[in-house]
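Close look at the chain arrangement
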Amino acid sequence: MLDILREGPDWAVINKPAGIATERHFQYDTVEARAQLQWTREGAKKAGYVGIVHRLDRPVSGVLLLARKKATLVKLNEAFATRRTRKVYRAVTAKPLPADGGELVHYLGRTPDRKKAFASTRPVPGGQEARLSYRLLREAEGLYEYELRPMTGRFHQLRVQLATVGAPIVGDLAYGSMRPVRDNVIALHAYSLAFSDPQGEGEVEVVAPVPAYWPIN
């Protein structure tokens, strides 16, 4: 069952567990498959509609918005495309970022197999600019917890930008972390999401607490 944090007539915000993918996949568990099963009425001839508004990587947990009607998906997709949303993440690293607070700016490209990203401080052919702001929340036991606010939405953006400045996210072995958390889990959590209600009921802001296995207490 999905952990639903907030829902409207045609949308739902869930707390996605780390380790499952967002979109349907034949090889492993996904949010899309769970939602469709949960939203299909017993005895119905047609499966319940699940619209993927945005995505979280498989090893990432936290706030994820889903649409329950096509028209709602279109409205929410437009809000994300025009940056009329606010996303806040929490991340834990084993090394500090360059300062207690600031901004990271890189140009991101994709590896030939398209499975990973790479970042450069200078424009790269086919690359896209990536920006995020950050601030240190706390330091304990040799670990650093940061609040991250992405200003762009790129493939693996937060993961590769932190790794590029020498502070890979704990558990993110693909980007250089030497400290595991669990299989298919990294210490990156989508902490909050703010968006305009598609039915015109004002702004909705939803917060998901960090998971129990969070590496810094």
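Please refer to the structure placed before this passage.
Just so it is clear, the model here is predicted, and its values are computed rather than measured.

**Brief notes about unusual backbone geometry**
The backbone phi angle of Arg83 is positive, close to 60°, even though this residue is not glycine. As for its placement among the helices and strands, Arg83 is situated in the loop between α2 (70-81) and β5 (85-93). On the basis of relative accessibility, which here comes to 38%, the residue Arg83 falls in the partly exposed class.

**A word on helix α3 (residues 157-164)**
In an α-helix, one turn spans 3.6 residues; hence positions three or four apart end up facing the same way. Burial within α3 is extensive, with six of its eight residues counted as buried. Turning to α3, its buried residues are Gln157, Leu158, Arg159, Val160, Gln161 and Leu162. The elements touched by buried residues of α3 are β5, β6 (101-110), β7 (117-120), β8 (128-140), β9 (143-150) and β10 (188-196). Downstream of α3 by a residue or two, Gly166 has a phi angle that is positive, lying close to 90°.

**What about the nonpolar core?**
Counting residues in hydrophobic clusters, the biggest one holds 35 residues, and the most contacted among them are Leu66, Leu148, Leu162 and Leu188. Among the elements of the structure, β2 (11-16), α1 (31-39), β4 (61-67), β5, β8, β9, α3 and β10 are those that each provide at least two residues to this core. Counting residues per element, this core draws most heavily on β9, which supplies four residues. Non-local contacts of Leu188, meaning those with residues more than four positions away in its chain, are made with Val60, Ser61, Tyr89, Arg90, Ala91, Leu148, Leu158, Arg159, Ile169 and Trp214.

**Considering the pairing of β8**
When β6 meets β8, the two strands line up antiparallel, connected through eight bridges. Bridge pairing in β8 links Val105 to Arg131. Across eight bridges, β8 lies against β9 in antiparallel orientation. The partner of Ala140 across the bridge, within β9, is Leu143. Hairpin geometry of β8 and β9 is characterised by an intervening segment of two residues between the two adjacent antiparallel strands and by a positive phi of about 55° at Glu141.

**What about the packing of aromatic side chains?**
For the structure shown, the criterion picks out two aromatic pairs. Ring geometry for Trp11 and Phe195: centres 5.3 Å apart, planes at 90°, overall edge-to-face. Taken together, the residues span a long stretch of sequence, with Trp11 in strand β2 and Phe195 in strand β10 at a distance of 184 residues. Here Tyr134 and Tyr146 contribute two aromatic rings whose centre-to-centre distance is 6.0 Å and whose plane-to-plane angle is 80°, an arrangement assigned as edge-to-face. One end of the pair, Tyr134, is in strand β8; the other, Tyr146, is in strand β9, and 12 residues separate them in sequence. What makes Tyr134 buried here is its relative accessible area of 6%. Given a relative accessible area of 1%, Tyr146 falls into the buried group. One Lys or Arg, Arg58, reaches over the ring of Tyr28 and ends 3.8 Å from the middle of that ring. Just above the ring of Tyr191 sits the side chain of Arg90; from NZ or CZ to the centre is 3.9 Å.

Conventions adopted
Residues numbered from 1 in each chain as written. Predicted model: local features only at pLDDT ≥ 70, side-chain atom pairs only at ≥ 80, totals over all residues. Heavy atoms only, no water. Helix = DSSP H or I, 4+ residues; strand = E, 2+ residues; numbered from the N terminus. Buried < 20%, exposed > 50% of the residue type's maximum accessible area, 1.4 Å probe, protein only. Contact = heavy atoms within 4.5 Å. Core = buried A, V, L, I, M, F, W, Y, C linked by side-chain atoms within 4.5 Å. Pairing = 2+ DSSP bridges. Phe/Tyr/Trp six-rings, centres within 6.5 Å; stacked < 30°, edge-to-face > 60°. Lys NZ or Arg CZ within 6 Å of the ring centre and 35° of its normal.

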